[in-house]
Amino acid sequence: MSKFFFNDRNQMVSDAIEGIIISSRFRNLTRLDTDPAIRVVVRKDWNKSKVAVISGGGSGHEPAHAGFVGKGMLTAAVCGDLFASPSVDAVLNAIVAVTGDRGCLLIVKNYTGDRLNFGLAAQKAKKHGLKVEMVIVGDDISLPDNKQPRGIAGTVLVHKIAGFAAEQGKSLGDVRDIAQSACDSIASMGVAMQTCNLPDQNEVEGRIKSGHVELGLGIHGEPGASTLESQNSQKMIATLVKHLRKKTGSDARLAVMINNLGGVSSLEMAILTKELAHSELKDQIDYLIGPAPLVTALDMKGFSLSAIVLNDKFIKALQADVETAGWCPLVKFHAMPIKKHRVIRIESSVKPSENADVKSLVVSITRTLIEQEKALNALDAKVGDGDTGYTFAQGARDIAQLNEDGKLPLNDSAALLELIGERLATVMGGSSGVLMSIFFTASGQKMAKKQTLVDALLFGLAQMKRYGGADLGDRTLIDALQPALEALKNSDLNAAVKAAQKGAEATAQMEKANAGRSSYVNSKNLKGVKDPGAVAIAAVFAGLEKR
């Protein structure tokens, strides 16, 4: 099945254009009313008194190109079919519709179809007596020996600089010259771990192997220049930066555009921006543009960096305000400001102590949770948000490190439980951290009153149930923890292990969760899937028996 929202494949581009126009906050866009196959978005406030700036190409790169139509950038955008160049007639109609005595500039990405269709349309427009110039953007540096480098995300920077010059009333020659100068000053490179999904494409195994990325793949999903066996954000940025510096030089002052190719989350884009800020390029960057989707490839899981060598004219042009939906204003590059603040935290003062048996017990529990991280995440992804393994492992790593460093009061069970409760409240995220903190803290307080360990843990469980609102049968870790502790009290560890396992297994048959993220999941998706928290508890008890 296709992974694409659409109604009519034949009307898809026209439907998207309508959505773009009616959602423009400046209300300054319209579509030429002509042949339905000619899809041209133009400025509604245009009066032909200045040089017109036209661009376009295949659809699927939104917000490019229609999202950059507006005062200060493009006068018109010619929209082709998905990943297909617009026709000669479409380009010609756009030129005729918006070009006055001052002439027009065509900004064309360096693809054969675009060059041919825009080029022939320019020749025809000249026969109509119109003044037309054209610049071709070839900012892709992933194939350095290619005589025809592709035009990719850096094209937007040419739109901005040429659009500013035109808005200032510059002549066609001047607008062309500064646009060409911008083309000569831009270098771009992209990377992706997944290509894009097409509207009429059934699910197929992706070209890019899991754990790999393609370097320099095209904005239509064309294979990249090379494949790397890594998805590490720091390595990806370092690789792109290395290539960009070769092109721009190590002394140039730069603005860098961080472009989302469509399928990367905002969190990942922020991480990549951080990596750029700490890369070898950091001392050359004066401005950032993005991170944002500017020239996308539908939902491609990838990003690109575009660097432009700055001069005063470019800075002024890039900083100027525009009335477009897609442009992302320049941000002056600076290091992250830090405001010092003393952490407010209530901590008990404990004295570390040694106890070999307890130390071994802590090692067993923490090791089990760390080893179970991926399996628990995968299980949680079926019924929740996919982070149970990470959350428990995060807490386990902290306690394991304290244990290894000899900082735990191993010979004082009450103090140990309370300290674990304090640490889990700090290092474990979400509701799990709070609940486990309540469990251990309450258990420690009960132990301080000379209760047995099992009774103390049962008291901690009661407090966790009280504040968390979950109970036995609600499809949570309680379904494994409560029977295990009760079996431990009435019998032995072996009985507790069996009870925990039985409780975890039972959650797979519970078709309704009454607590946690799973409570928002329908019964169909819950059936047959064990609760990851209960599985974690069962694994801990099983590990204790094996130690």
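Engineer: Where do I start with the sheet that holds strand β1 (residues 29-31) in this structure?
Structural biologist: Neighbouring strands of a sheet are bound in pairs by backbone hydrogen bonds; such pairs are parallel or else antiparallel. Here we have six strands laid out as an open sheet, ordered β1-β2-β4-β3-β5-β6, and mixed in their pairing. Single-partner strands in this sheet number two, and they are β1 and β6 (132-137). Strand after strand, the sheet turns through a mean of 25 degrees between neighbouring axes, direction not considered. Bridging between β1 and strand β2 (residues 40-43) involves three bridges; their strand directions are antiparallel. Within the sheet, the bridge partner assigned to Arg31 lies in β2 and is Val41.

Engineer: Looking at this structure, how should I read the pattern of salt bridges?
Structural biologist: When their charged atoms lie close together, side chains carrying opposite charge are able to pair. Counting across every chain of the model gives 17 salt bridges. As a salt-bridge pair, Arg207 and Glu214 come within 2.7 Å of each other at their nearest N and O atoms. With relative accessibility at 38%, the residue Arg207 sits in the partly exposed group. Here Lys301 makes a salt bridge to Glu268, at a shortest N to O gap of 2.8 Å. Note that Lys301 is positioned in strand β12 (residues 301-309) and Glu268 in helix α7 (residues 266-277), a separation of 33 residues in sequence. Look at the salt bridges and you will find they share partners, linking Arg43, Asp45, Lys50 and Glu167 into a network.

Engineer: Please explain the environment of Asp251 as it appears in this structure.
Structural biologist: Relative to the elements of secondary structure, Asp251 occurs in the loop between α6 (233-248) and β10 (254-260). Remark: the alpha-carbon pair of Asp251 and Ala37, spanning 214 residues in sequence, is separated by 48 Å.

Engineer: Sorry if this is basic, but what is going on with the packing of helix α14 (residues 453-468) against helix α15 (residues 478-490) here?
Structural biologist: The relative placement of two packed helices is expressed as an angle between their axes plus a distance between the axes. As a packed pair, α14 and α15 sit with axes 10 Å apart at the nearest point and diverge in direction by 155 degrees. Here α14 lies roughly antiparallel to α15, going by the angle between them. Seen along the crossing, α14 lies across α15 with a hand that is left-handed. Side by side, α14 and α15 meet where Val454, Asp455, Leu457, Leu458, Leu461, Met464 and Lys465 of the first sit next to Ile478, Leu481, Gln482, Leu485, Glu486, Leu488 and Lys489 of the second. Taken together, the residues that form the contact of α14 with α15 break down as nine nonpolar, one polar and four charged.

Engineer: Would you take a moment to explain the sheet that holds β12 for this structure?
Structural biologist: As summarised here, the arrangement of the seven strands in space is β9-β8-β7-β12-β10-β11-β13, forming an open sheet in which the pairing is mixed. Among the strands making up the open sheet, the edge pair consists of β9 (226-228) and β13 (330-332). Across the sheet, the mean angle from the axis of one strand to that of its neighbour is 25 degrees, orientation sign disregarded. Taken together, the eight bridges between strand β7 (residues 186-194) and β12 define a ladder with antiparallel strand orientation. Its bridge partner lying in β12, Ile186 is registered against Ile308. Lying on the sheet, helix α4 (residues 155-167) is in contact with β7, β10, β11 (285-292) and β12; it crosses β12 at an angle near 40 degrees.

Engineer: Hey, could you run me through the pairing of β12 in this one?
Structural biologist: For a regular strand, side chains alternate in direction, first toward one face of the sheet and then toward the other. Judged by how many residues are buried, β12 sits mostly within the fold: eight of nine residues are covered. Pairing between β10 and β12: seven bridges, direction antiparallel. Looking across to β12, one finds that Ala255 is bridged to Ile308.

So, how was this worked out
- Residues numbered from 1 in each chain as written.
- Predicted model: local features only at pLDDT ≥ 70, side-chain atom pairs only at ≥ 80, totals over all residues.
- Heavy atoms only, no water.
- Pairing = 2+ DSSP bridges.
- Helix = DSSP H or I, 4+ residues; strand = E, 2+ residues; numbered from the N terminus.
- Axes fitted to C-alpha atoms, helices over the stretch in contact; angles between N-to-C directions.
- Salt bridge = Lys/Arg side-chain N within 4 Å of Asp/Glu carboxyl O.
- Buried < 20%, exposed > 50% of the residue type's maximum accessible area, 1.4 Å probe, protein only.
- Parallel < 35°, antiparallel > 145°, perpendicular 65-115°, else oblique.
- Left-handed = near helix turned anticlockwise from the far one by under 90°.
- Contact = heavy atoms within 4.5 Å.
- Nonpolar A, V, L, I, M, F, W, Y, C, P; charged D, E, K, R; others polar.

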